[in-house]
Amino acid sequence: MIELKEVTKEYSKGIAALNGVSLKIEQGEFVFIVGDSGSGKSTLIRLLLKELEPTSGSITVMGKELGKMKHKAIPYYRRRMGVVFQDFRLLKDRNVYENIAFTLRVTETATRVLKKKVPAALSLVGLAQKYKSYPKELSGGEQQRVAIARSIVNEPSILLADEPTGNLDPVNSWEIMKILEEANKRGTTVVVVTHNHEIVNAMKKRVITMQKGNIVSDTKKVGV
Amino acid sequence: MRISTIKYTVQQGLRNIAKNKMFSIASIATMVACIFLFGVFYSLIVNVQGVMRNVEESLPVVVYFEKKATDKQIQDIKNKLEQREDVLEVKYVSGDDAWKEFQKVYFGEDSDALTGFEENPLVDSDNYEVYMKNVDSQDEVVEFASELKGVRKVRASATAADTLKNISVLLATISGVITSVLLIVAIFLISNTVSMGITIRREEIAIMKYIGAKDSFVRAPFILEGILIGLIGAIIPLTLLYFAYQSAINYVSVNFSLITPFIEFMPVGDVYRTLLPVGLALGVGIGFVGSFFTIKKHLKA
């Protein structure tokens, strides 16, 4: 599903955020990527979103080599990926329903389809009652659930989450993880970048540890 | 494109304008000034040109014949003049006609003043009045006619036409310069307004891109914003000018009745047949150019 071969990313010459990283994630996997700040986790996510280009090496996602992808094809590629951020990134001037519908409007989905998919995503994250609320009326955990609903409403093949529980208390963090696990059970490949060790340890999924732009351990490779 | 997408684009375009009120109003105001001045100058030029055309058509070159010129020679002169492409009409005026016309113009009803003239003093002034299609060809016609056999004298009076032509050129130059300056200011302001909108919605644009919006989808509301500003900025002055033009004609006709016999104002409908589409196109064009290049610059990645 996702394959990196010797990927290096230098922001300025000589300083590598990623240093010859090779990695393979299969379809339907749930993978944690952990590491301190500056270990290259976020760079990895941005490379997968094709927001950045690697300095060298190749990245293949869903059978497409990103380096060969044309600019025009990027939106269609991103439509098959969901993305969740630490700071939720909701549209503050729109209610919960419109925030989730936004993904479908942007991808020019028919209104008739939109009216079915948005309530389904809302109930998946347990916010069916709050569809009229505005982000500022919601707790952090609820806001992140809206963000997840927005990222999965168009049933992406891959879900990337960059520190999704970074701003949340333990209870809400668990809620979020359960939702991500549910999405994974439905067939979405989930990649979660985090440094919440408690959750990582409790979830018992594959864990890739990064340090200074290198992969220092991968539980799959060591056979756990 | 889906109807829902078009609806979305229009909604977002209007939202941009509303969110960004002061900038939008400033841009619209500049557009209004730009198109209004353009309209005023256009109307002036059209009318001056109308007057010029009237003058050109009514200012003949007068060709007098030699006393001994034969009827055949006189007929030849007419034929040769009529063969020229730039000549509209060649009219024979006899000495008697000329005298009658002179009396009418200079004495009117006051026939007492003419009692001293027993005979026609203009008896030898049989002539052709040569009307041209365009006053520019006057010199050539004069030269051509002077060389024809049987012609005694050729008289041309280009002063009035020349003056009008100069006024028209001057007006066109002034309006061209002022309109161009305002045009640049308008493009600049619209570009600024759109930049402002992009800055305000940077976060939203970033999210749009993450979830797979095409460039055109991201850009469309901003371009629409520019076009709407241009359109509103064109409709307001064109409407104002429509009524102002009619009032101005009425005002001049009532208060300056002395000059109105010489000036035939273009009806507002005739002026607007060109001014309306050009003004609207100018508004929409400026709006499009101002927003298109701005959004292109800001949303390259």
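Residues numbered from 1 in each chain as written. Chains lettered and ligands numbered in written order. Predicted model: local features only at pLDDT ≥ 70, side-chain atom pairs only at ≥ 80, totals over all residues. Heavy atoms only, no water.

All names here are of chain A. Checked against the element boundaries, Asn167 lands in the loop between strand 7 (158-162) and helix 6 (170-185). For the pair Asn167 and Thr43, spaced 124 residues apart in sequence, the C-alpha separation works out to 20 Å. The residues contacting Asn167, other than those within four sequence positions of it, are Gln86, Asp87 and Phe88. Polar contacts involving the side chain of Asn167 include one to the side chain of Gln86, which spans 3.2 Å. (Helix = DSSP H or I, 4+ residues; strand = E, 2+ residues; numbered from the N terminus. Contact = heavy atoms within 4.5 Å. Polar contact = N/O pair within 3.5 Å; in protein donor to acceptor, adjacent residues only side chain to side chain.)

Now for the interface of chain A and chain B. The interface of chain A with chain B comprises 23 residues on the first partner and 23 residues on the second. Of the roughly 2100 Å² buried at the junction of chain A and chain B (both faces included), carbon and sulfur atoms supply 56%. In this assembly, chain A and chain B are joined by 4 salt bridges. Between A:Glu108 and B:Lys214 there is a salt bridge, and its shortest N-O distance comes to 3.7 Å. The interface formed by chain A and chain B holds 9 residue pairs in polar contact (both at pLDDT 80 or more) in total. Residue assignment for the side of chain A that touches chain B shows that the elements contributing at least two residues are helix 2 (74-78), strand 6 (81-85) and helix 3 (96-106) of chain A. Looking at the side of chain A that touches chain B element by element, the count peaks at 4 residues for helix 3 of chain A. (Buried area = accessible area lost by both parts, 1.4 Å probe. Salt bridge = Lys/Arg side-chain N within 4 Å of Asp/Glu carboxyl O.)

Note on soluble globular proteins: their nonpolar side chains tend to be buried together. If you look at the biggest cluster of nonpolar residues, it comprises 39 residues, and the most contacted ones within it are A:Phe32, A:Ile100, A:Val118, A:Ile148, A:Leu180 and A:Val192. Looking at this core, the elements with two or more residues in it are strand 3 (30-34), helix 3, helix 4 (111-124), helix 5 (140-152), strand 7, helix 6, strand 8 (189-194) and helix 7 (197-203) of chain A. Setting aside anything within four residues of it in sequence, one finds A:Phe32 in contact with A:Met177, A:Val192, A:Thr194, A:Ile199, A:Val200, A:Met203, A:Lys205, A:Arg206, A:Val207 and A:Ile208. Ranked by size, the runner-up nonpolar core spans 37 residues in total, among them A:Phe102, B:Ile28, B:Ile211 and B:Ala234. (Core = buried A, V, L, I, M, F, W, Y, C linked by side-chain atoms within 4.5 Å. Buried < 20%, exposed > 50% of the residue type's maximum accessible area, 1.4 Å probe, protein only.)

The strands making up a sheet associate through backbone hydrogen bonding, with each pair oriented either parallel or antiparallel. All names here are of chain A. Here 4 strands make up an open sheet; going across it, the order is 2-1-4-5 and the pairing antiparallel. Looking at which strands have only one partner, the edges of the open sheet turn out to be strand 2 (15-25) and strand 5 (64-65). Two strands pair when backbone bridges link them, and strand 4 (residues 56-61) and strand 5 are joined in this way by 2 bridges, in the antiparallel orientation. What sits directly across from Val61, in strand 5, is Lys64. (Pairing = 2+ DSSP bridges.)

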